[in-house]
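Geometric and topological summary
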Amino acid sequence: MNENDITVNLASTSKIDSVDFENLIFGTVFTDHMLICDYKQGVWEKPVIKPYEPFLIDPSAKVFHYGQAIFEGMKAYKDEHDDVWLFRPDQNFERFNKSAVRLAMPEVPESVFMDGLKKLLQIEKAWVKTGKGNSLYIRPFMIATGPGVVAAPANFYRFMIILSPAKSYYSGEVKVIIAEHYSRAANGGIGAAKAAGNYSAQFYPTKLANEMGYQQIIWTDDATHTKLEEAGTMNVFFRINDTLYTAPTSERILDGVTRKSLIDMAKREGINVEVRSVLVDELIQAAEDGSLKEIFGAGTAAVVNPIVGFSYKEKYYELPKLENPIALQLKEKLNNIQYKLAEDTFGWTVKV
Ligand code: COI
C-alpha cells in the first residue's frame, strides 16, 4: 500500500483561522482532518482521511469495558524552508506494535501507520508552525471496537491518527513527589506498553500529589519502592556531580524515544551517562551532600523538563538553580536537530 491507496475526503472549510496559536493549551485543539483505518475479523481495511468529527461506537465495545486501548505520542516540526519533519518515527511505529501485541491487539501495517501519517501531515501542513517551541503533536491510537462484554480480545479494532498543534506540555515549574505507596507498573504487567490504562491508573495518585502542590510523581519499583523509575508522562534523568543517571528500560518502564536520544546525544557530548537504577536513598544522600545537581524529565510531549524540587517522606528538597544546566543544553541540541537548525548526524529526522 502507498499514500495513493488512502481515501481522502477533505473538509469543506478549515477552522485554522479561529485558533490562537500563541496561547495553546496542550492537547485541546485538533486539526481539520483525522485518519481512520478499521480492522475487521483479521483484515485491515483501506485507510480513510476525513474531517475531524465524533464517531459512533457500540456501547458494548471492549475498549469501554476492558480497556483495550493503546497510543503513541510523536511530533512534527517545520523548518525554515517550510518543510515538515518527523523525529524517529520508526521508533514510535515499533513501540506501537509492541504495545499492540501486549494488549492482544492486531499489529498495524507499516504502510497504514507511516504512509497514512505522512499523507495526513501533507494535508495539515499549515497547522505545523515554524519557530522553536511550535510543533504539531501526533496522536496515533488504536481501540477495540468489537462489541460484546465477554472478557476476551475483540475481533474489530479502529486505528486512528489525530493531530494537535502544541507548545509546551507543562506551563510552570515542575515539582515532583516520590512514590511511597502507589505503583505505576509491576513486573509482568503492561508498564512498558503505551496502554491507556497505564495513564488512567496514575490519575488518582497524581490528583493527590497535585493537591499537595506537586505536578508529577516519580514512580518507584512496586516491590520495594526503593528504586526510582519514571514519571509517567516522562522518563527521568538525575545528575549527580557530573554524571547523568537514568533507569534502564524494563517491563515496568516505557522505552522513551526522547530518553534514548538524550542518552546518545549526551554520550556524544562527552557527558558521563550511566543507565542504572538510582536508589531513593542515594538521591536523598546526594541532595543532602550537595552532589545532586539536576533532575529532569524527558518525553515527546514534555521534551526536556527541568524539575525544581522533590518531596520524599514529607520533606521537600530544592534543587540548585544552575547557570547552564545539562537539561537545557541537551534540550537545545535536541530541538536544533528536530527543527533542522543543526546537522542531524544521527540520521533521526525524516522528511514528510
Ligand atoms: C508523550 O510524551 O507523547 C506522551 O505520550 C505523554 C502523554 C501523557 C502526553
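Remember, predicted model here, so these are calculated numbers, not experimental data. (Residues numbered from 1 in each chain as written. Predicted model: local features only at pLDDT ≥ 70, side-chain atom pairs only at ≥ 80, totals over all residues.)

Considerations on the environment of Ala154
By the secondary structure assignment, Ala154 is in the loop between strand E8 (135–144) and strand E9 (156–166). C-beta crowding within 10 Å serves as the criterion here: with 21 such atoms nearby, Ala154 is assigned to the buried category. Spatially, the C-alpha atom of Ala154 lies 6.5 Å from that of Lys62, the residues being 92 residues apart in sequence. Non-local contacts of Ala154, meaning those with residues more than four positions away in its chain, are made with Lys62, Gln68, Ala144, Thr145 and Gly146. (Helix = DSSP H or I, 4+ residues; strand = E, 2+ residues; numbered from the N terminus. Buried ≥ 20, exposed ≤ 12 C-beta atoms within 10 Å, placed from the backbone. Contact = placed C-beta atoms within 7 Å.)

With respect to the pairing of strand E19 (residues 315–318)
Pairing between strand E18 (residues 303–312) and E19: four bridges, direction antiparallel. Within E19, the position partnered with Tyr312 by the bridge is Lys315. In this structure, the hairpin formed by E18 and E19 is closed by a connection of two residues, where Lys313 is found at a positive phi of approximately 45 degrees. (Pairing = 2+ DSSP bridges.)

Quick word on the domain arrangement of the protein chain
Domain boundaries assigned for the protein chain yield domain 1 (3–166) and domain 2 (174–338). A straight line from the C-alpha centre of domain 1 to that of domain 2 covers 27 Å. Contact with domain 1, which involves 21 residues of that partner, is made by 13 residues of domain 2. Mapped by element, the contributors of at least two residues to the side of domain 1 that touches domain 2 are strand E5 (69–71), strand E6 (74–78) and helix H2 (89–102). By residue number, the principal contributor to the side of domain 1 that touches domain 2 is H2, which donates six residues. Each residue belonging to the side of domain 1 that touches domain 2 can be placed in one class, and the counts come to nine nonpolar, five polar and seven charged. (Domains from an automatic or database assignment. Nonpolar A, V, L, I, M, F, W, Y, C, P; charged D, E, K, R; others polar.)

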